[in-house]
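Listed here are the chains, written in short residue letters.
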Amino acid sequence: MRIHEYQAKELFESYGVPIHEHVVVSSAPEAGPAAERLGSDTVIKAQVLAGGRGKAGGVKRAKTPAQAVEKAGEILALTIKDFPVEKVLVTPASDILQEYYIGFTLERTKREILLMMSKAGGVDIEELAKNQPEAIVKFPISISKGIETEKLKPIVHDLFGTGRLSDQAFPVIERLYKLFVEKDCSLVEVNPYALEKGGGLFALDAKVTFDDNALYKHPDIEEMKNPEEYSRDEIEAKKQGLSFVSMDGCIGCIVNGAGLAMATMDLIKYFGGQPANFLDVGGSSSPDKVLNALDIIVNNRKVTAIIINIFGGITRCDDIANGILMAMDRIEIDIPLVIRLIGTNELEGRKILTDAGFQVAEDLSSAVQKVVSLSKTGAGGDR
Ligand code: GDP
Ligand code: MN
């Protein structure tokens, strides 16, 4: 789960990481009084769930409240990486002497947390890693040991010198680490961590993402969730307890088991089709799940054909068949449907469906080829 800069900065503040005061507004005129209150010379920043806002024109300096209104209006008219800008943050402009980078990520393969730091912050870190990898220091942290102060000190001294700056930076690094661990983050990034003319170091930008699988432990974080991060389908599927990921294609997929769902999507691609979604209806035999899944998929106007691929283990094919019939009864489905059912109670399941006039495939690759061809000719493109 991603959050906006202003939300990440609230977290920073609660962890004692220095940030500047700011006001978040959702219309241009509101930026005027905000700028006035913050000392006139301000920076206006798009609040979108995407990085690289600076390059996209989403970060602008305003010298006066009138300019703040003008720039806020310009930024609010932008769409950055598919996110229409709905809010901007107004914050006092700082005179920056140096931009540092501090970032924590998970190094899954090594089961470590990786701290990355650089004196050459401000720019895109991926770009820096490509063009100037030597400018980034990497400091792996064992999750069981935490930060080993004596090992980190010399590295911080290298970057920030041995004086006052290190004294400011060191506890900030420790607090960011604490945030990373306590809130089950997958990324905590400060870019730039800026040294300002007055001698202070401040987090001018804040990027925090969370491990979705740990959200249940953090209701305070879950509350920060922004609906624009998820498609309408994903939100609906989540409510229904389905594992669902939206994709760009036109073939709706209802599959039981994540592995089979992945394999089905691979086969669709292999035969030249494009999946509209990943959907695992799970191992339980609940006709309701099939009904809910069909409902979500049918509401996606891009979908031109649907494949239901069930390998019955715990899931019983007759339950799935009943779910399909129930769904057909309750929702109008004018999209071609290809069903493949094998496994537990497959004969019963197939009979239920063939009696109701459906064709049921036994063999996966012919079922997939059929749905791919139907997706191209079926309902005829965008419905
Ligand atoms: P990003 O492009 O999405 O990473 O957005 P940032 O918040 O990092 O802003 C991009 C750049 O704008 C920063 O690297 C800074 O150079 C500049 N910037 C951001 N905030 C301020 C500020 O308060 N004062 C000044 N002078 N520059 C800023
Ligand atoms: Mn940044």
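Heads up: the structure comes first, above all this text.
A short tour of the structure in this document, coming up. (Residues numbered from 1 in each chain as written. Chains lettered and ligands numbered in written order. Predicted model: local features only at pLDDT ≥ 70, side-chain atom pairs only at ≥ 80, totals over all residues. Heavy atoms only, no water.)

## Topic: the coordination of the manganese ion (ligand 2)
We apply this condition: Shown as donors are all N, O and S atoms within 2.8 Å of a metal ion, widened to 3.2 Å for Na, K and Ca; because water is not in the atom set, sites may appear incomplete. Note on conventions: DSSP H or I runs of at least 4 residues are helices, E runs of at least 2 residues are strands, and numbering of each starts at the N terminus. When accessible area is computed with a 1.4 Å probe and restricted to protein chains, residues below 20% of their type maximum are described as buried, those above 50% as exposed, and intermediate ones as partly exposed.
Here the manganese ion (ligand 2) is held by N191 (O) and D205 (OD), and the distances to it run 2.2 Å. Taken together, the positions of N191 in strand β10 (residues 185–196) and D205 in the loop between β11 (201–203) and β12 (207–210) put the pair 14 residues apart, joining distant regions of the chain. The pair N191 / D205 is uniform in exposure class, with both members buried.

## A look at helix α8 (residues 232–239)
Basically, it comes down to this: Arc definition: it is the arc formed by the directions from the helix axis to the C-beta atoms. Contact criterion: two residues are considered in contact whenever any of their non-hydrogen atoms come within 4.5 Å of each other.
Buried within α8 we find D233, E234 and A237. Around the axis of α8, the buried residues are gathered within 95° of arc, so they sit on the same side. Summarising the geometry of α8, the exposed residues directed more than 90 degrees from the buried face are R232, K238 and K239. In this structure, the buried side of α8 is in contact with β13 (243–246) and α10 (287–298). Just past α8, the residue G241 takes up positive phi, approximately 75°.

## Some words on the nonpolar core
In plain terms, the rule: Take the buried residues of types Ala, Val, Leu, Ile, Met, Phe, Trp, Tyr and Cys, join any two whose side-chain atoms come within 4.5 Å, and each joined set is a nonpolar core.
By size, the foremost hydrophobic cluster in this structure holds 43 residues, and its most contacted members are F12 and F104. With 9 residues, the top contributor of residues to this core is helix α6 (residues 164–182). Not counting the four nearest positions on each side in its chain, F12 is found in contact with V17, I19, L176, L179, V188, E189, V190, A203, D205, A206 and V208. Residues L242, L291, I310 and A321 belong to the second largest nonpolar core, which totals 31 residues.

## Let's talk about the packing of helix α5 (residues 149–160) against α6
Rules: Only the stretch in contact is used when fitting a helix axis, every axis being a line fitted to C-alpha atoms; angles between N-to-C directions are given from 0 to 180 degrees. Roughly parallel means an angle under 35 degrees; roughly antiparallel means over 145; roughly perpendicular covers 65 to 115; every other angle is labelled oblique. Handedness of each helix crossing follows the sense of rotation of the near helix against the far helix: counterclockwise by less than a right angle gives left-handed, clockwise gives right-handed. Residues were grouped as follows: Ala, Val, Leu, Ile, Met, Phe, Trp, Tyr, Cys and Pro as nonpolar; Asp, Glu, Lys and Arg as charged; and all remaining residues, including Gly, as polar.
Running from N to C, α5 and α6 cross one another at 130°; their axes reach a closest spacing of 10 Å. The pairing of α5 with α6 is recorded here as oblique in orientation. For the pair α5 and α6, the crossing hand works out as right-handed. Residue-level contacts link T149, L152, K153, V156, H157 and F160 of α5 to L165, S166, A169, F170, I173 and E174 of α6. In terms of residue class, the contact of α5 with α6 is built from 7 nonpolar, 3 polar and 2 charged.

## Focus on the site of ligand 1
Applicable threshold: Only a single heavy atom is needed: when it lies within 4 Å of a molecule or strand, its residue is near that molecule or strand. Any N or O atom pair separated by 3.5 Å or less is treated as a polar contact, with the protein-specific requirement of one donor-capable and one acceptor-capable atom, and with residues adjacent in sequence counted only for side-chain atom pairs. Computed with a 1.4 Å probe, the accessible areas rest on the Shrake-Rupley method; for each residue, only the protein chains presented here act as cover. The split into domains, and so the bounds of each, comes from an automatic or database assignment of domains.
In the region of ligand 1, 17 residues are neighbours, and K45, R53, G54, S94 and E99 sit closest. For ligand 1, an oxygen atom lies 2.7 Å from a polar atom in the side chain of R53. Between a nitrogen atom of ligand 1 and a main-chain N or O atom of S94, the distance comes to 2.8 Å. Here ligand 1, which alone exposes 550 Å², has 81% of that area covered by the protein. Considering only residue class, the shell around ligand 1 consists of 7 nonpolar, 5 polar and 5 charged. Both domain 1 (21–92) and domain 2 (96–222) contribute no fewer than three residues apiece to the shell around ligand 1.

## Side note on the sheet that holds strand β3 (residues 59–62)
Counted only if it meets this: Any two strands with at least two DSSP bridges between them are considered paired.
If you walk across this open sheet you meet the 4 strands as β1-β6-β2-β3, and the pairing is antiparallel. The two strands at the open ends of the sheet, each matched to only one other strand, are β1 (23–25) and β3. Along the sheet, successive strands turn relative to each other by an average axial angle of 25°, direction set aside. For β1 and strand β6 (residues 88–92), the ladder comprises 3 bridges, and the chain directions are antiparallel. Bridged to V25 within β6 is V88.

## Brief notes about the packing of helix α2 (residues 28–38) against helix α3 (residues 65–76)
Look at α2 against α3: their axes get within 7 Å of each other, and the N-to-C directions meet at 140°. In terms of axis orientation, α2 runs oblique to α3. Here α2 and α3 pass one another in a crossing that is right-handed. Along the contact surface, α2 presents A28, P29, A31, G32, A35 and E36, while α3 presents P65, A68, V69, A72, G73 and L76. Residues of the contact of α2 with α3, tallied by class, amount to 9 nonpolar, 2 polar and 1 charged.

## Some details on unusual backbone geometry
N191 connects to P192 through a cis peptide bond whose omega is 10°. Mapping P192 onto the fold places it in strand β10. The phi dihedral of K81 falls on the positive side, at around 45°, and the residue is not glycine. With respect to the helices, strands and loops of the structure, K81 is situated in the loop between β4 (79–80) and β5 (83–84). Using a relative accessible area of 54% as the deciding quantity, one classes K81 as exposed. Phi is positive for D82, which is not a glycine, with a value near 75°. Along the chain, the position of D82 falls in the loop between β4 and β5.

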